[in-house]
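Observations on the three-dimensional arrangement
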Amino acid sequence: MRDCLFCKIINGEIPSEKVYEDDEILAFKDINPKAPVHILIIPKKHISSAMEIKENDESLIGKIFTVIAKIAKEQKLDNGYRIINNCGEDGGQEVMHLHFHLLGGKKLSIDI
Ligand code: AMP
Ligand code: ZN
């Protein structure tokens with residue numbers, strides 16, 4: 001996707017602070033962290049939002065959650081954390097490439 005910010009991060013056009021990468025998934029630090037640990041986990045395949053997930057993507061989406069658990073362990077979030085997906089305009093999604101926020105490192109309130 002030519003004009004997608006996160007596709008540009010995937011292909012290296014825009015720099016990021018990577019914390020995990022494999023052939024299907026990338027995780028990097030959020031540029032505007034809302035908690036001591038704030039990491040974005042994205043599929044390398046461009047899927048614009050959770051609304052666009054297809055049956056074909058089920059194993060990829062499942063894998064994202066095992067990667068999140070692995071990163072959380074590495075980040076020592078043993079006391080818990082929050083996974084957020086903002087979906088679509090009403091959900092507050094700003095970057096239209098599916099991503100999951102991993103937030104932790106402090107006791108989170110409802111509004112983060
Ligand atoms: P959302 O509102 O769920 O679409 O979240 C988009 C997230 O992307 C926000 O938390 C931004 O801080 C983050 N973000 C935007 N640009 C970058 C960037 N270049 N590198 C890392 N994170 C970014
Ligand atoms: Zn994209």
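First, a word on what this report is: a plain description of the structure on this page. It should be emphasised that the depicted structure is a prediction, and the values quoted were computed from it without experimental measurement.

**Brief notes about the packing of aromatic side chains**
Under the criterion given, the structure shown has two aromatic pairs. When the centroid spacing of 5.4 Å and the interplanar angle of 80° are considered together, the rings of Phe6 and Phe28 count as edge-to-face. One end of the pair, Phe6, is in helix H1 (residues 5–10); the other, Phe28, is in strand E2 (residues 25–29), and 22 residues separate them in sequence. Accessibility expressed as a relative area gives 5% for Phe6, which makes it buried. For Phe28, a relative accessible area of 3% corresponds to the buried category.

**Quick look at helix H2 (residues 58–74)**
Taking 1.5 Å per residue as the helical rise, H2 with its 17 residues ought to reach 24 Å, and the 25 Å between its terminal C-alpha atoms agrees with that figure. Where H2 is concerned, the buried positions are Leu60, Ile61, Ile64, Val67, Ile68, Ile71 and Ala72. Projected down its long axis, H2 shows its buried positions confined to an angular sector of 135°, all on one face. In H2, the exposed residues that point more than 90 degrees away from the buried face are Glu58, Ser59, Thr66 and Lys73. Those residues of H2 that are buried are in contact with strand E1 (18–21), E2, strand E3 (37–43), strand E4 (82–84) and strand E5 (100–104). Positive phi appears at Lys76, one or two residues downstream of H2, with a value of about 60°.

**Focus on the site of ligand 1**
Close to ligand 1 lie 16 residues, the nearest being Asp30, Asn86, Glu94, His99 and His101. One nitrogen or oxygen atom from the main chain of Gly92 is found 3.2 Å from an oxygen atom belonging to ligand 1. Residue Glu94 places a main-chain N or O atom 2.7 Å away from an oxygen atom belonging to ligand 1. Starting from 510 Å² of accessible surface for ligand 1 in isolation, the protein chains cover 86%. Looking at the shell around ligand 1, the elements with two or more residues in it are H1 and E2. For the shell around ligand 1, the leading source of residues is H1, giving three residues. For the shell around ligand 1, the residue count by class is seven nonpolar, six polar and three charged.

Reading the values: rules and limits
- What you see as residue numbers is a count from 1 along each chain, following the sequence as written.
- Chains carry letters from A onward and ligands carry numbers from 1 onward, assigned in written order.
- Under the rules for a predicted model, residues below a pLDDT of 70 receive no local features and side-chain atom pairs below 80 are neither given nor counted, while totals for whole chains, interfaces and linings still include all residues.
- Water and hydrogen atoms were dropped before computing side-chain values, which therefore reflect all heavy atoms in the structure.
- Stacked, edge-to-face and tilted are the three classes for Phe, Tyr and Trp ring pairs, Trp counted by its six-membered ring, which pair at centre distances within 6.5 Å; planes under 30 degrees apart are stacked, over 60 edge-to-face, the rest tilted.
- Counting from the N terminus, the helices are DSSP H or I runs at least four residues long and the strands are E runs at least two residues long.
- Only protein chains enter the accessibility calculation, which uses a 1.4 Å probe; a residue whose area is less than 20% of its type maximum is buried, one above 50% is exposed, and one in between is partly exposed.
- To estimate how far a helix should extend, the number of its residues minus one is multiplied by 1.5 Å.
- What the arc describes is the spread of directions from the helix axis to the C-beta atoms.
- The contact rule is simple, with two residues in contact once any of their heavy atoms fall within 4.5 Å.
- Whether a residue is near a molecule or strand depends on its heavy atoms: it is near if one of them lies within 4 Å of it.
- As used in this structure description, the phrase polar contact means that two N or O atoms lie within 3.5 Å; if the pair is within protein, one of them must be able to donate a hydrogen and the other to accept it, and residues adjacent in sequence are counted only when both atoms belong to side chains.
- Note on areas: these come from Shrake-Rupley sampling with a 1.4 Å probe, and a residue is covered only by the protein chains present in the view.
- In this classification, Asp, Glu, Lys and Arg are treated as charged, Ala, Val, Leu, Ile, Met, Phe, Trp, Tyr, Cys and Pro as nonpolar, and every other residue, Gly included, as polar.

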